[in-house]
There are 2 protein chains.
Amino acid sequence: MITDVRVHDVRFPTSREKDGSDAINLGDYSATYVEIESDSGLVGTGLTFTNGRGNEITCAAVRALAIHVVGREPEEVRVRELTQDPQLRWLGPEKGVIAMASGALINALWDLRARAAGKPMWRYLAELPVDDLIDSVDFGHLSDAITPGEAREILEKGLEGYADRLALLESAGFPAYTTSVGWLGYPDDKVRDLTRQAVADGWRAVKMKVGGPLEDDVRRAAIIRAELPPGALLMMDANQVWDVDQAIAAMGRLAGFDPYWIEEPTHADDVLGHARVAQAVAPVKVATGEAAANRVIFKQLMQAGAIGVCQVDSCRVAGVNEVLAILLLAAKFGVPVCPHAGGVGLCEYVQHLAIFDYLRVGRSLDGRMIEYVDHLHEHFTDPVTVVGGRYRLPSKPGYSVEMRPESIAEFRFPDGPAWR
Amino acid sequence: MITDVRVHDVRFPTSREKDGSDAINLGDYSATYVEIESDSGLVGTGLTFTNGRGNEITCAAVRALAIHVVGREPEEVRVRELTQDPQLRWLGPEKGVIAMASGALINALWDLRARAAGKPMWRYLAELPVDDLIDSVDFGHLSDAITPGEAREILEKGLEGYADRLALLESAGFPAYTTSVGWLGYPDDKVRDLTRQAVADGWRAVKMKVGGPLEDDVRRAAIIRAELPPGALLMMDANQVWDVDQAIAAMGRLAGFDPYWIEEPTHADDVLGHARVAQAVAPVKVATGEAAANRVIFKQLMQAGAIGVCQVDSCRVAGVNEVLAILLLAAKFGVPVCPHAGGVGLCEYVQHLAIFDYLRVGRSLDGRMIEYVDHLHEHFTDPVTVVGGRYRLPSKPGYSVEMRPESIAEFRFPDGPAWR
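Residues numbered from 1 in each chain as written. Chains lettered and ligands numbered in written order. Predicted model: local features only at pLDDT ≥ 70, side-chain atom pairs only at ≥ 80, totals over all residues.

Draft legend 1. Spatial organisation of the overall build of chain A. What chain A contains, in helices and strands, is 15 helices and 12 strands. A compact globule built from 420 residues should have a C-alpha radius of gyration of about 22 Å, and chain A, at 20 Å, falls within 12% of that. Taken along the three principal axes of its C-alpha coordinates, chain A extends 55 × 55 × 45 Å. Within chain A, the fraction of its 420 residues that count as buried is 61%. (Helix = DSSP H or I, 4+ residues; strand = E, 2+ residues; numbered from the N terminus. Rg over C-alpha atoms; globule rule 2.2 N^0.38 Å. Buried ≥ 20, exposed ≤ 12 C-beta atoms within 10 Å, placed from the backbone.)

Draft legend 2. Quick peek at the interface of chain B and chain A. Contact residues are listed per partner, giving 50 residues for chain B and 50 residues for chain A. Taken together, the elements giving at least two residues each to the side of chain B that touches chain A come down to helix 1 (55–65), helix 3 (96–117), helix 10 (244–254), helix 11 (271–281) and helix 12 (295–303) of chain B. Looking at the side of chain B that touches chain A, the element that brings in the most residues is helix 1 of chain B, giving six residues. In terms of residue class, the side of chain B that touches chain A is made up of 22 nonpolar, 18 polar and 10 charged. (Contact = placed C-beta atoms within 7 Å. Nonpolar A, V, L, I, M, F, W, Y, C, P; charged D, E, K, R; others polar.)

Draft legend 3. Up close: unusual backbone geometry. Residue P283(A) follows A282(A) across a cis peptide bond; omega there is 10 degrees. Inspection of the secondary structure puts P283(A) in the loop between helix 11 (271–281) and strand 8 (285–288). With omega at 0 degrees, the peptide bond leading from F413(A) into P414(A) counts as cis. As for its placement among the helices and strands, P414(A) is situated in the segment after helix 15 (405–411). A positive phi is found at Q240(B), a non-glycine position, where the angle reads about 75 degrees. Its location among the elements puts Q240(B) in the loop between strand 6 (233–237) and helix 10.

Draft legend 4. Spatial organisation of the relation of the copies chain B and chain A. Rotating chain B by 180 degrees about the axis while translating it 0.0 Å along that axis superimposes it on chain A, leaving an RMSD of 0.0 Å. Such values leave the two copies arranged in the relation of a two-fold axis. A shared interface surface links the copies, since 100% of the contact residues of chain B are contact residues in chain A too. (Least-squares fit on C-alpha atoms with pLDDT ≥ 70 in both.)

Draft legend 5. The arrangement of the sheet that holds strand 2 (residues 30–38) of chain B in detail. All names here are of chain B. With respect to topology, three strands assemble into an open sheet ordered 1-2-3, the strand pairing being antiparallel. Pairing within the sheet leaves two strands with one partner each, and these edge strands are strand 1 (2–11) and strand 3 (43–50). Here the strands of the sheet are splayed against their neighbours by 15 degrees on average, with no regard to which way each runs. Sheet topology places strand 1 next to strand 2; nine bridges connect them, and they run antiparallel. By the bridge assignment for strand 2, R6 is matched with E35. Contacts between helix 3 and the sheet are confined to strand 2 and strand 3, with strand 3 contributing the most and set at about 150 degrees to the helix. (Pairing = 2+ DSSP bridges. Axes fitted to C-alpha atoms, helices over the stretch in contact; angles between N-to-C directions.)

Draft legend 6. Representation of the domain arrangement of chain A. Residue and element names in this part refer to chain A. Here chain A is partitioned into domain 1 (2–118 + 407–411) and domain 2 (157–403). Summarising the inter-unit geometry, the C-alpha centres of domain 1 and domain 2 are found 23 Å apart. On the side of domain 2, 35 residues touch domain 1, which itself brings 40 residues to the contact. Residue assignment for the side of domain 1 that touches domain 2 shows that the elements contributing at least two residues are strand 2 (30–38), strand 3 (43–50), helix 2 (79–83), helix 3 (96–117) and helix 15. When residues of the side of domain 1 that touches domain 2 are assigned to their parent elements, the largest contribution, 12 residues, is made by helix 3. (Domains from an automatic or database assignment.)

Draft legend 7. Broad picture of the packing of helix 1 (residues 55–65) of chain A against helix 3 of chain A. All names here are of chain A. Axis separation between helix 1 and helix 3 bottoms out at 8 Å; the angle between their running directions is 65 degrees. Pair helix 1 / helix 3 crosses with right-handed handedness. Each of I57, T58, A61, V62 and L65 in helix 1 lies in contact with helix 3, whose residues at this interface are V97, I98, M100, A101, S102, A104 and L105. Class assignment for the residues of the contact of helix 1 with helix 3 results in 10 nonpolar, two polar and no charged. (Left-handed = near helix turned anticlockwise from the far one by under 90°.)

Draft legend 8. Highlighting helix 1 of chain B. Across the 11 residues that make up helix 1 of chain B, a large majority, 10, are buried. Of the residues making up helix 1 of chain B, those classed as buried are N55(B), E56(B), I57(B), T58(B), C59(B), A60(B), A61(B), V62(B), A64(B) and L65(B).

Draft legend 9. Quick look at the nonpolar core. Counting 298 residues, the largest nonpolar core has V97(A), L105(A), L328(A), V97(B), L105(B) and L328(B) as the members making the most contacts within it. Among residues more than four places away in sequence, those in contact with L105(A) are V34(A), G46(A), V62(A), L65(A), V69(A) and L82(A). (Core = buried A, V, L, I, M, F, W, Y, C linked by C-beta atoms within 7 Å.)

Draft legend 10. Main features of the pairing of strand 5 (residues 205–209) of chain A. Residue and element names in this part refer to chain A. Of all five residues in strand 5, five are buried, a share of seventy percent or more. Alignment of strand 4 (residues 174–182) against strand 5, held across two bridges, turns out to be parallel. Residue G182 lies in a different strand from strand 5, and its bridge partner there is M208. A crossover connection joins strand 4 to the parallel strand 5 through helix 8 (residues 188–200); in handedness this β-α-β unit is right-handed. The parallel pair strand 5 and strand 6 (residues 233–237) is bridged by helix 9 (residues 214–227), and the resulting crossover is right-handed. (Right-handed = clockwise from strand over helix to strand, strands pointing away.)

Draft legend 11. Broad picture of helix 10 of chain B. Residue and element names in this part refer to chain B. Among the residues of helix 10, V244, A247, I248, A250, M251 and L254 are the ones counted as buried. The arc that holds every buried residue of helix 10, seen down its axis, measures 165 degrees, which confines them to one face. In this fold, the buried residues of helix 10 make contact with helix 9 (214–227), strand 6, strand 7 (259–263) and helix 11. (Arc of directions from axis to C-beta.)

Draft legend 12. Representation of the packing of helix 7 (residues 162–172) of chain A against helix 14 (residues 346–361) of chain A within the structure. All names here are of chain A. Running from N to C, helix 7 and helix 14 point in directions that differ by 150 degrees, and their axes come no closer than 9 Å. Side by side, helix 7 and helix 14 meet where Y162, R165, L166 and L169 of the first sit next to I355, Y358 and L359 of the second. Partitioning the contact of helix 7 with helix 14 into residue classes produces six nonpolar, no polar and one charged.

Draft legend 13. Representation of the sheet that holds strand 2 of chain A within the structure. All names here are of chain A. Spatial strand order, 1-2-3: three strands in an open sheet with antiparallel pairing. A strand with exactly one partner marks an edge of an open sheet, and here the two such strands are strand 1 (2–11) and strand 3. Sheet twist, expressed as the mean angle between neighbouring strand axes with direction ignored, is 15 degrees. Note that strand 2 and strand 3 share eight bridges and pair antiparallel. Paired with E35 across the two strands is T45, which belongs to strand 3. Together, strand 1, strand 2 and strand 3 form the strand contacts of helix 1, whose direction differs from that of strand 1 by roughly 175 degrees.

Draft legend 14. Examining the confidence of the model for chain A more closely. Confidence along chain A averages 95 in pLDDT terms, with 98% of residues attaining 70 or more. Interface scoring of the predicted complex returns ipTM 0.96; its pTM is 0.97. (pLDDT = per-residue confidence, 0-100.)

Draft legend 15. Region of the structure containing the pairing of strand 3 of chain A. Most of strand 3 of chain A sits inside the fold, with seven of its eight residues counted as buried. Turn length for the strand 2 of chain A-strand 3 of chain A hairpin, with the two strands adjacent in sequence and antiparallel, is four residues, and the turn residue G41(A) shows positive phi of about 95 degrees.

Draft legend 16. Quick look at the environment of A205(B). Residues and elements named next belong to chain B. With respect to the helices and strands, the residue A205 is situated in strand 5 (residues 205–209). The exposure class assigned to A205 is buried, which follows from the 20 C-beta atoms found within 10 Å. The sequence separation of A205 and G389 amounts to 184 residues, and the corresponding C-alpha distance is 8.3 Å. Discounting residues that sit within four places of it in the chain, A205 has contacts with Y177, A232, L233, M235 and M369.

Draft legend 17. Looking closely at the environment of D131(A). Residue and element names in this part refer to chain A. Its location among the elements puts D131 in helix 5 (residues 130–136). Residue D131 is classed as exposed on the basis of its 10 C-beta neighbours within 10 Å. Note: C-alpha distance between D131 and L155 (24 residues apart in sequence) is 9.5 Å.

Quick look at the structure:
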């Protein structure tokens, strides 16, 4: 039984170095960090990433939602109790602060379950019976795109060839790409050096930020492309700054650098806008999802043919259960999933999701890559291991977002030494 | 200059009486109530409505945003400073708690400006120069639907015939409809009595809640329709409970009662779903907007032909400026605006918006009605006046959401006597 929920406001002063800077995000990377205590003696940990000031708001939302968790068994909590709480849903519904806080709590519940089973999260999920997986998904407002029956079919197919896929991952790891070469705030020389280093380290897919003055984007794209070996992928990320027609025009200029995808070319809520961009920039793919609030947005992106790469976030949506719905939608519509990572703990989280997706849902590595950003991993007790541009399978029990006690103490806001 | 921002957590125990109950909302009506003090001695007031528990989260968001306001002149604050704050926007972006908190603050700024001018909000807005109105709108991500030039044209046309329209409103008031007859939690007899009373009071347009068991909806629709005189409008509101095909099927059953519109037939984020429902249920109109987060959602609803009635909310979106963008979109696409009201102070707010829309933007009363719910008006110093099913023009300076000090003291959470 769950006996207590604790929440910590942990912030890292990343904005001082312009790490993580892009067209719109300039904040201090922060975590709303949740610990769920149980009478088994195990502690489940979850977090939601936020970009700076305002973490106290997400912490308040976790506290408001905690009543649905305390006094319960972790398996018994229904996700709709949190996402459809009649006294709280007005604050979303199913979006923003309240979805993110739900995500932190729900992920901590899953972490606790995986720890109790002694398995890493990906394995715990991948070995769950089909019925349990189906039962975890809120199919509400999805039936015009996917039914529980269709989802069951996908998950049952996921049992075929499972051992082979697992063996492949165990030997070769999961493909990844790096976003660390081209943050918008970095000077040209740093971008060139970082790209050269990334290639030397084995990376064959890198992402740059665009959406500043177009001539700067063009110059930086040329620098990066010149450093990449033939066949390497260059992705571009506009972080929503462009209007629809502006995105189409900008990609006309940038197409010469053979981008593999353009990420968030316009406002994250603009399904129809993404669809227009997708049509105009093909064969360049449109990637989006890190700011998509819930399964209903993803449903529409897929129905409209607006999304070529599904970048679901592990804790912007309401946690593992909502991610499951989105993975199933992606499989139904044949859209590859390349989860959003970076931030605080997102790489640690999403490796489990991508591995589970390959093993049980999507069943292909074609076009699948996990984002990798080399910031802040040192604060976690089970950080990701990335070798030669590939994630190694995590093996410790749980969802890998447990933070080191000394990091929490150091960066706790406002009383940690880093902030005093 | 603004010298201080104060925020109060005010909650009314409405859930005890099932006032305001519908298919998904069962909370205690609450206000995140903002007072902006200025060195002129004037106080600007704004609020955002929430449905119960969790008001402390919106209050925290107001506090986080207040740094953009304190020390500034009210006219000088740019709305993007709040909605695009690089350290806070991750929490939305432009949706949920952070948009609602922005709305409370931005509305209080406008209230302060209108008070300084000695005008009710509708008149203050309606008498602003075109340039100032255009300058207030964030056209970001709208250019594929409306340009500043097109908006200017609409607003300039709004000067023609202005005096006639104003004279009409002054003599006849603004058309309204009532939602007080058919809350989901009310027994049949109460529904019948309330409808009869509403007709006797002059109402010719009433709204009922649907989305419970369909047979109950059918029975209640029959009761209400039987009480209405010929030609009276009956609207239905499903508060998002249906899946898309379920909505279409349910409206097939309910069409016999000649509904004028079906409101929120499915998930508020589901633009494509609303478009399918709109096609299927025509000539019944689809009404939506009270849970639409921002101008980009409204843009798509209009582009997709998914919305027949625009029910913008005064404080779910980021305040007056965002509402201006939505009114302009609605005028461009020819969609009548019937703002969402009820809750706490929403009737007080939206009367100003509807009047301004008629005077300067939409320029027609065809299909225009302001929602009216007869709850909680006694807590305001300048409550709405509704006579014979029509709103009378408010005449006191400001935006009409100033609460009585004794109400704030009584219902302040958790220390007010009502909650002790």
